[in-house]
Structures are given as structure tokens and as C-alpha cells.
Amino acid sequence: MELNDYEKEIFCTVAGTTNGDDFEVPAGAYNFRVNGKSVGRNSTKNIDVKPKTDKSGLDITIKPGTKNEQVHIPVAISATGIKEAVYNDFHIGDNSEVTIIAGCGIYNCGPTDSVHDGIHRFYIGKNAKIKYIEKHYGFGPGRGGKILNPITEVHLKENSEAILELEQIKGVDSTIRKTTADLDKNTKLIVKERLFTHGRQTAESVYEVVLNGKNSTTDIASRSIAQDLSKQTFKATIIGNNKCRGHSECDAILMDEAEVHAIPALDAKTKDAELIHEAAIGKIASDQIKKLMTLGLTKKQAESKIINGFLR
Amino acid sequence: MLELKNICYEVKGGSRAKILDHISLRIKPGSFTVITGPNGSGKSTLADIIMGIKTPTTGKILLEDKDITNQNITKRAKDIAYSFQQPVKFKGITVYDLLNIASGELIAPEEAGEHLKNVGLNPDDYLAREINDKLSGGELKRIEIASVLARPAKLFVFDEPEAGIDLWSFDNLIKVFKKLKKEKKTIIIISHQEKILKLADEIIILEKGKIKSKGTPNTLLKTITGENHGA
């Protein structure tokens, strides 16, 4: 796979495809996309990675019973002015347990915006478990924006489980993240969002989770840091249509002149739906800084430790 | 070792603006000093001033004859370890992380575990845990004390270490203080507890921001317990 240094940095950062400091092609199934084209693709006995014929994107099919396998499908944009929408559909077979590593990074050294809209749809079979890791990262000296708009759709069949780990590392100028899910009986959706904005960046996270099945549960936990003049909006709606449990939490640290807006919504359609929302927005607690300073850190080091821990 | 010269601390407004009123005292190297007194007498403020968390309105602080009055917390932390009365909670920072920070270098889990054992906590149960509100007040307090014991400091200051600790853990804590005393560490403890007062080489009683009396447990303990100071 031929990659320049920026592309390697993106893949190492968003997809963890490293061996020490160097990029390494991972074992298992994968598709590496650079500037709108696939630069490396591999299917395995149990995981089929196939390009779509009608639009840009992939159909990824995981055979029933597949266990402990990974799929990497990261995206890198290293040219200015690229605008793409990519449609990836995941068909997860019954009784399988897999980890899917996605993520996108943009290096923009030019004057024009680069935009990646990633639309991921998950069809998760009965008794299946997936862990989906998606990291976003932007860098480069250009005036052009680094813009990422992910749309994630999750459909969980009975007794299945999905864990979504969604992280915006840094450098993304604008993002609108939309995540929707519908849950059948005895299913579980866990979302762990970590978001860091700085400069004049804007980020909007919108979740709508519909708990249709009896004993379905969801836990949406967002932790974010907003620095400088950045603005974030967190909207989480949980709809309980059956005996179910839902919890959403927005925990944000505000720095400088940044703003965070949290808009929770709970919609219980039956008395057996137990829905909870928690939100806490504020600056770094001064007692946390003082405690770490008494352990020998400077104020700046203490803030950095607190931020890094918070976004872990 | 430590000398406070005419320390005053005043705040604007309030019913009693002068929190500390011309406090002078000397702490000898290797000594075990307990500062006690009624609530609101200025004990915690004095501890905060020693650590640099609060700055005195007037007066001087000398550590090993060096004026540290204007040193910030970070610089003072090279020589002074400080245990907060109210343990601080963090999201995403584990007990192991905190002990690494406290040690000033990356330490092995086994070494970090020894600090936890000192306060009666099982390393296997606690090292990987976040220091958040899922831990009880007593657990947080013991982790706070472990982080202080991990410091390579010359002077150890504990502000009400017994607060929030159950009886079983308190006995463990007494063992820790006895060990520190045996090792000739220089210790200042803010406390109301008789078992801690009994360990002191010197007891200092504060009242309304002033030193009311000083002495050994033999001379002062009866007066203190008779007057029913503290909790």
C-alpha cells in the first residue's frame, strides 16, 4: 500500500494501524480509502468486503458465528477540496462477535474545504455483538476546512449488543454527527462519545434511540471539552416504547470562551419505560487543579492531565 | 525545619474577617505536631497557608531557613506533601495514575500497590479504578492519604485525615502515622482525634485564629478532652 506521511499519520491516529511508530497493514479484513479511492482491500473467509456498484461505499458481510475478528475501514483525505459521501452497510450475521474500526482523518494544506460524509448502517443479527470504534482527526496548515459529518444507523435484532466508541480527537473544524438506533427485545446499545473542540470549531451530536423491544437498554455517555471559541451541541432523545431502560449523560468541560448546549429529551410511551438523563457542564474544578499541583504538577500540566483523563 | 513568623490571614467582609492572627511557630525536623482546636479556629487555613494554597495577608514562612512565602503550590510540593480534608474526585484518572503523578515518575503497579496496602486497600481492587463518586468517602480518603505517602517530601501535612474514615480504617491510619513517626518524618496533622493527639511530640491549640496554648500530650490532653474540643 503506497501512502504518503500524512496518510500514514491519519491511519495510525484514527485506526491504530501501527507497529511502533510506523504504519502497518492490519491482519484480517480491511479497506483503506484515500482521497476517494480504495488503496487496499482484503476479505477473509468470514468477512466479505465488497464495493457498492451503485454509489460510493462498501457492503461488509460478516458470516454468522464469526468470533474475535476485526474489520478496518478507515478513510484518509490528504488533498484540499475533496468532497465525498460514502455509504457503508454492515450485515452482521447471527451469533457473531466482531470489532469494526472505522475513522477518518483530513489533512488540508489548501484554501478549499475538504468534506467527508460517512453514512454507516449496521444490521445486527440475533445474539450478535459488535464493537464499533470511530475516530476523527484533522490537521494541516491550509485555510480550507476539515469537515466530517458521520451518520450512523444501528438496527439491533433480539439479544444482540452494540458498543459504539466515537471520538473526535482534534482539528475537525465542523461536524454534525447523527446517530439513530432501533432496538428489539433483550438488546443493548452502549455509546461512549468523546469530543474535543478548539479554535472556532463547531460540533453537533444528535442521538435518537428507540427502545422498541421488551428489556432493551441503552446508555449514551458523552464527555467533551470545549476550548477557545468553539461551540458544541448535544441532543439526545431516547424513546421508550416498551419495558426498557435508557440513560443518557452529557458531561462537558468548558474553557476560555467556548459554549456547550445540552438538549436532552426522554419520551416514555409506557409506564414500564425507565429513562434517565444527566448533564453537567462547567469549567475544570479548581480543587482538581490544586490537588495535582500539590503532587508537583504545574497548573498547565494539571489541566492537561485532567483533560486527557476526562477524554479517555 | 518550618518556621511561621507572625502569620495573619484576613478576608474581606464576614463576621470575623481575621481568620489567623499573628501565628508564629517552629516545627523541628523529625517532629510530630498536631494542631487542634474548635471548628472555625483557623486550623485548615493554616494548613493551606503552609502548602501555598492560600497566601498569608502578612507574615513569613521559612522552610529550612529559606523564605517560601511567595512560592506557588508546585514549587512547594517539592518539599511538602499535603493531604486535603475533602478528597478530590476526577473523571478518567485512575488510582494508579494518581500514584504515578504523586511519585513524580512512572512506577510499577507493584510499587503503587504498596502505597495502597499502607492504607488498607487491596491493589487488585483499586489500582485501575477511577477516582470518582463510585468510591465511598472512606475509600477516597484512603486513596488521598496513599497519594501523599507516595510523595518524596520532607514535610507531611494532613488536614483532618480521620474525617470520613471508618473505625477499622482509622486503626490502620494510626499504624501509618506510628510508622511515619518511627521513620522520623516531619509531620503536621490537623486533628481532633485523641489517638492522633496522643502520638504528638507537640500539640498546638488554636482558638479564634490565635495560638491558645502549646504543649505535650501529657500536659494538654486532659485540658483538651475535658473541654470537649472537636468531634
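About the cut-offs
Residues numbered from 1 in each chain as written. Chains lettered and ligands numbered in written order. Predicted model: local features only at pLDDT ≥ 70, side-chain atom pairs only at ≥ 80, totals over all residues. Helix = DSSP H or I, 4+ residues; strand = E, 2+ residues; numbered from the N terminus. Rg over C-alpha atoms; globule rule 2.2 N^0.38 Å. Buried ≥ 20, exposed ≤ 12 C-beta atoms within 10 Å, placed from the backbone. Contact = placed C-beta atoms within 7 Å. Pairing = 2+ DSSP bridges. Axes fitted to C-alpha atoms, helices over the stretch in contact; angles between N-to-C directions. Left-handed = near helix turned anticlockwise from the far one by under 90°. Nonpolar A, V, L, I, M, F, W, Y, C, P; charged D, E, K, R; others polar. Parallel < 35°, antiparallel > 145°, perpendicular 65-115°, else oblique. pLDDT = per-residue confidence, 0-100. Core = buried A, V, L, I, M, F, W, Y, C linked by C-beta atoms within 7 Å. Expected span 1.5 Å × (residues − 1).

Caption draft 1: Seen up close, the overall build of chain A. Looking only at helices and strands, one finds three helices and 23 strands in chain A. Here the C-alpha atoms of chain A give a radius of gyration of 20 Å, agreeing with the 20 Å that 2.2 N^0.38 yields for 312 residues. Considering only C-alpha atoms, chain A reaches an extent of 55 × 55 × 35 Å along its principal axes. By residue count, 44% of the 312 residues in chain A fall in the buried class. Taking as baseline every contact in chain A between residues at least 6 positions apart, the subset at least 24 positions apart corresponds to 80%.

Caption draft 2: Expanded view of the overall build of chain B. Regarding its fold elements, chain B presents nine helices and 10 strands. For chain B, the spread of C-alpha atoms along the principal axes amounts to about 45 × 40 × 35 Å. Burial status across chain B gives 42% buried among its 231 residues. Relative to all contacts within chain B whose residues are 6 or more apart in sequence, the contacts with residues 24 or more apart total 67%.

Caption draft 3: Main features of the sheet that holds strand β3 (residues 32-36) of chain B. All names here are of chain B. Taken together, the six strands give an open sheet; going across it, the order is β6-β7-β8-β3-β9-β10, and neighbouring strands pair in mixed fashion. With one partner strand each, in any of the chains shown, β6 (80-83) and β10 (210-215) form the two edges of the open sheet. Each adjacent strand pair in this sheet contributes to an overall mean axis angle of 15 degrees, direction not counted. Pairing geometry for β3 and strand β9 (residues 202-207), over four bridges, is parallel. Its bridge partner being in β9, T36 is matched across the sheet by I205.

Caption draft 4: Highlighting the packing of helix α2 (residues 286-294) of chain A against helix α3 (residues 299-310) of chain A. Residue and element names in this part refer to chain A. In contact at an axis separation of 9 Å, α2 and α3 are set at 115 degrees when each is read in the N-to-C sense. For the crossing formed where α2 meets α3, the hand is right-handed. From α2, Q288, I289, L292 and M293 reach across to α3, where they touch K299, A302, E303, K305 and I306. Tallied by class, residues from the contact of α2 with α3 come to five nonpolar, one polar and three charged.

Caption draft 5: Spatial organisation of the pairing of strand β4 (residues 37-42) of chain A. All names here are of chain A. Relative to β4, strand β3 (residues 29-34) is paired through five bridges, and the arrangement is antiparallel. Across the sheet, the residue bridging to Y30 is N42, located in β4. Joining the antiparallel neighbours β3 and β4 is a turn of two residues, in which N35 adopts a positive phi near 45 degrees.

Caption draft 6: Representation of the packing of helix α3 (residues 95-103) of chain B against helix α4 (residues 109-118) of chain B. All names here are of chain B. For the pair α3 and α4, the least separation of the axes is 10 Å and the interaxial angle reads 95 degrees. Judged by the inter-axis angle, α3 sits roughly perpendicular to α4. Mapping the contact onto sequence places Y96, L99 and N100 in α3 and P109, A112 and H115 in α4. A breakdown of the residues in the contact of α3 with α4 according to their chemical character gives four nonpolar, two polar and no charged.

Caption draft 7: Structural view of the interface of chain B and chain A. Between chain B and chain A, the residue contacts involve 19 residues of the former and 18 residues of the latter. Among the secondary structure elements, those contributing two or more residues to the side of chain B that touches chain A are α2 (73-76) and α3 of chain B. With three residues, the top contributor of residues to the side of chain B that touches chain A is α3 of chain B. In the side of chain B that touches chain A, the residues fall into 11 nonpolar, four polar and four charged.

Caption draft 8: A look at the confidence of the model for chain B. Of the residues in chain B, 96% have a pLDDT of 70 or more, and the chain-wide mean is 91. The ipTM assigned to the predicted complex is 0.93, against a pTM of 0.85.

Caption draft 9: Representation of helix α1 (residues 43-51) of chain B in the model. Residue and element names in this part refer to chain B. By the criterion of burial, α1 is predominantly enclosed, with nine of the nine residues buried. Within the span of α1, buried status applies to K43, S44, T45, L46, A47, D48, I49, I50 and M51. Where α1 ends, the next residue or the one after it, G52, has phi of about 95 degrees, a positive value.

Caption draft 10: Spotlight on the sheet that holds strand β20 (residues 231-240) of chain A. All names here are of chain A. Here nine strands make up an open sheet; going across it, the order is β5-β6-β9-β12-β14-β16-β18-β20-β22 and the pairing mixed. Every interior strand has two partners, whereas the edge strands, β5 (47-51) and β22 (259-268), have only one. Along the sheet, successive strands turn relative to each other by an average axial angle of 10 degrees, direction set aside. Direction of pairing for β5 relative to strand β6 (residues 57-62): antiparallel, over a ladder of five bridges.

Caption draft 11: Structural view of the nonpolar core. Counting residues in hydrophobic clusters, the biggest one holds 142 residues, and the most contacted among them are I130 and A162 of chain A together with I50, I80 and V157 of chain B. Ignoring any residue separated from it by four or fewer positions in sequence, one finds V157 of chain B in contact with A47, I50, M51, I80, A81, Y82, S83 and I188 of chain B.

Caption draft 12: Highlighting unusual backbone geometry. With a phi angle near 55 degrees, N68 of chain A is a residue other than glycine that sits in the positive phi range. Counting through the fold element by element, N68 of chain A comes out in strand β7 (residues 67-72).

Caption draft 13: Main features of helix α7 (residues 167-182) of chain B. Compared with an ideal rise of 1.5 Å per residue, which puts 16 residues at 22 Å, α7 of chain B spans 23 Å between its outermost C-alpha atoms and is within 8% of the ideal. A positive backbone phi angle near 60 degrees is found at K184 of chain B, which sits one or two residues after α7 of chain B.

Caption draft 14: Representation of the pairing of strand β14 (residues 146-156) of chain A in the model. All names here are of chain A. Alignment of strand β12 (residues 114-124) against β14, held across 11 bridges, turns out to be parallel. Across the sheet, S114 pairs through a bridge with K146, a residue of β14. Relative to strand β16 (residues 174-183), β14 runs parallel, the two sharing eight bridges. Note on β16: the bridge partner recorded for V154 is A181.

Caption draft 15: Just the environment of D59 of chain A, in detail. Among the secondary structure elements, D59 of chain A is positioned in strand β6. For D59 of chain A, the contacting residues outside a window of four places in its chain are K50, K52 and D89 of chain A.

Caption draft 16: Examining the environment of M1 of chain B more closely. Residue and element names in this part refer to chain B. Among the secondary structure elements, M1 is positioned in the segment before β1 (2-10). Exposure remark for M1: the 17 C-beta atoms within 10 Å place this residue in the partly exposed category. The spatial distance from the C-alpha of M1 to the C-alpha of P38 is 27 Å, given a sequence separation of 37 residues.

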